[in-house]
Structure formats: structure tokens, C-alpha cells
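Below, each chain spelled out in residue letters.
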Amino acid sequence: MGGNGSYSKELKSVPRADRTHIEAKTRIDGHKILIQKKNNAQTKTPVNSNSEKPVYLCGRVSKRDGSVAITTIAEYKNHRLIRTIDLKFDSDGNYVGYSGSGKGSHSHLWDDDVSRNEVGRKPHKKTNNLLIPKKYLSLIKKIEKYNKEHHKWNEEKLQ
């Protein structure tokens, strides 16, 4: 779980020093929850994964109360990020669905630039503000419930 070029074929993983996120022990539907740690790249979502084609749930810790809120679903193929789903919630923590304007939840496809060995996407590109695949709707309901439960971030819960 790291930035561009961090997956090592020799090690068959992202070296610990290159990891941009911390893995929580808690999972939702078997999916890992990742929290961004302080890193030079300040990568919101890791572009490389240790596993070949996982789905990770990326979150942040609230400075206000220390709770974890999952804000992104990240889908990978061949250890590379291929899709992110940006989740939006209202002030009561209720899921806000796709609206076409970018104000609601939406997904983005990521490109793999083999020549530069990097994964990326152009931010705010309106043609890449996409509907969320239906296969994720059940998972989103569980994320909504998880976020509303205000799980506290605790360093002891780390793997």
C-alpha cells in the first residue's frame, strides 16, 4: 500500500518504508481499512497494493474526536489502482448518492502509464465523474453504518 512505483516484484509487496497508509485490524466484509499516515507524498489513496486485486477502504481520522471515517473505496488489478469511489455523506452521516454534478458520491477510473511506471488520473475531469457500480452498494451501506458508529482510532489496533 504505497505510492507510484513502490510495489516491488522481487519482494512481492510494497516495502514497509514506502507504505503511505496504516492498516487497521478492523475490516468490513473482509476488506482492509487503511488510514493515511504522514508521508511526503500525502497520498490519499495508495496507487500500489501488496495483493493482486484487492478492494481497500481508505479513511481518515477526525481531528475533532479521533473517530475513523471511510471516504474512499479503492479497487486494484495487478497490484495497481484502477478505480476509486469517492463517498459523500451529509451532516447526519447519511450516504449521498451519485448526482452527475460531482457533489454526490461518484467513481473515477485510473490510468496506468507503463512508460513512466505510474498510475494517475486528471483531477476534476468531468468525463471521469462516473456512476458507482451496483456491486458496491451493499458495501457502501455497511460503510455508512461503520462511519455512524464513530469508531475511535487507536494505535494499539494496528497490525
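Look up a bit, the structure's there.
Along each chain, residues carry numbers from 1 onward, in the same order as the chain's sequence is written. Restriction of local features to residues with pLDDT of at least 70 applies here, the model being predicted, together with a cutoff of 80 or more for giving and counting side-chain atom pairs; totals for whole chains, interfaces and linings are based on all residues. Only hydrogens and water are set aside when side-chain values are computed; all heavy atoms of the structure are taken into account.

1. Some remarks on the packing of aromatic side chains
No. 1: When two rings of Phe, Tyr or Trp (its six-membered ring) have centres within 6.5 Å they constitute a pair, described as stacked for plane angles under 30 degrees, edge-to-face for angles over 60, and tilted for the intermediate range. For the coordinates displayed, the defined rule picks out two aromatic pairs.
No. 2: A centroid spacing of 6.4 Å and a plane angle of 65° characterise the contact between Phe 89 and Tyr 95, whose relative ring orientation is edge-to-face.
No. 3: Residue Phe 89 is classed as partly exposed on the basis of its relative accessible area, which comes to 24%.
No. 4: Burial here depends on accessible area, computed with a 1.4 Å probe over protein chains only, as a share of the maximum for the residue type. Under 20% is buried, over 50% is exposed, and the range in between is partly exposed. On the basis of relative accessible area, Tyr 95 is assigned to the partly exposed category, the value being 23%.

2. Re the pattern of salt bridges
Pairs can form between side chains of opposite charge whenever their charged atoms are close.
No. 1: We define a salt bridge as a side-chain nitrogen of Lys or Arg found within 4 Å of a carboxyl oxygen belonging to Asp or Glu. According to the stated counting rule, one finds five salt bridges in the structure shown.
No. 2: Note that Glu 75 is salt-bridged to Arg 83, the shortest N-O span being 3.2 Å. Here Glu 75 and Arg 83 have matching classes, each one buried.
No. 3: Taking the shortest distance from any N to any O, the salt bridge between Glu 75 and Lys 135 comes out at 3.8 Å. Note that Glu 75 is positioned in strand S4 (residues 68-77) and Lys 135 in the loop between strand S10 (118-120) and helix H1 (137-148), a separation of 60 residues in sequence. Helix and strand definitions here come from DSSP, where helices need a minimum of 4 consecutive H or I residues and strands a minimum of 2 consecutive E residues; each element is numbered from the N-terminal end.

3. Notes on the nonpolar core
No. 1: Put simply, buried Ala, Val, Leu, Ile, Met, Phe, Trp, Tyr and Cys residues joined by side-chain atoms within 4.5 Å make one nonpolar core. Judged by nonpolar contacts, the single largest core of 17 residues is most densely connected at Ile 28, Ile 33, Leu 57, Ile 73, Tyr 136 and Ile 143.
No. 2: Looking at this core, the elements that each hand over two or more residues are strand S1 (21-28), strand S2 (31-36), strand S3 (55-61), S4 and H1.
No. 3: In this description, contact between two residues means that some pair of their heavy atoms is separated by no more than 4.5 Å. In this view, Ile 28 contacts Ile 33, Leu 57, Ile 70, Leu 139, Lys 142, Ile 143 and Tyr 146; residues no more than four positions away in its chain are not counted.
No. 4: Counting residues in each nonpolar core, the second largest holds eight residues, with Val 47, Cys 58, Ala 74 and Tyr 76 among its members.

4. What to know about unusual backbone geometry
No. 1: Although it is not a glycine, Asn 78 sits at a positive phi angle of roughly 55°.
No. 2: Of the residues examined, Asn 78 reaches a relative accessible area of 46% and is grouped as partly exposed.

5. Thoughts on the pairing of strand S5 (residues 80-86)
No. 1: Of all seven residues in S5, six are buried, a share of seventy percent or more.
No. 2: A pair of strands is treated as paired once DSSP finds two or more bridges between them. With six bridges joining them, S4 and S5 adopt antiparallel strand pairing. Paired with Lys 77 across the two strands is Arg 80, which belongs to S5.
No. 3: Two elements, S5 and strand S8 (residues 106-109), share four bridges in a ladder whose sense is antiparallel. Bridge pairing links Arg 83 to Leu 109 in S8.

6. What about the environment of Leu 87?
No. 1: Looking at where Leu 87 falls in the secondary structure, it is placed in the loop between S5 and strand S6 (88-89).
No. 2: Remark: the alpha-carbon pair of Leu 87 and Ser 105, spanning 18 residues in sequence, is separated by 4.6 Å.
No. 3: Excluding anything up to four places from it in sequence, Leu 87 contacts Ile 70, Thr 71, Ile 73, Tyr 95, Ser 105, Ile 140 and Ile 143.

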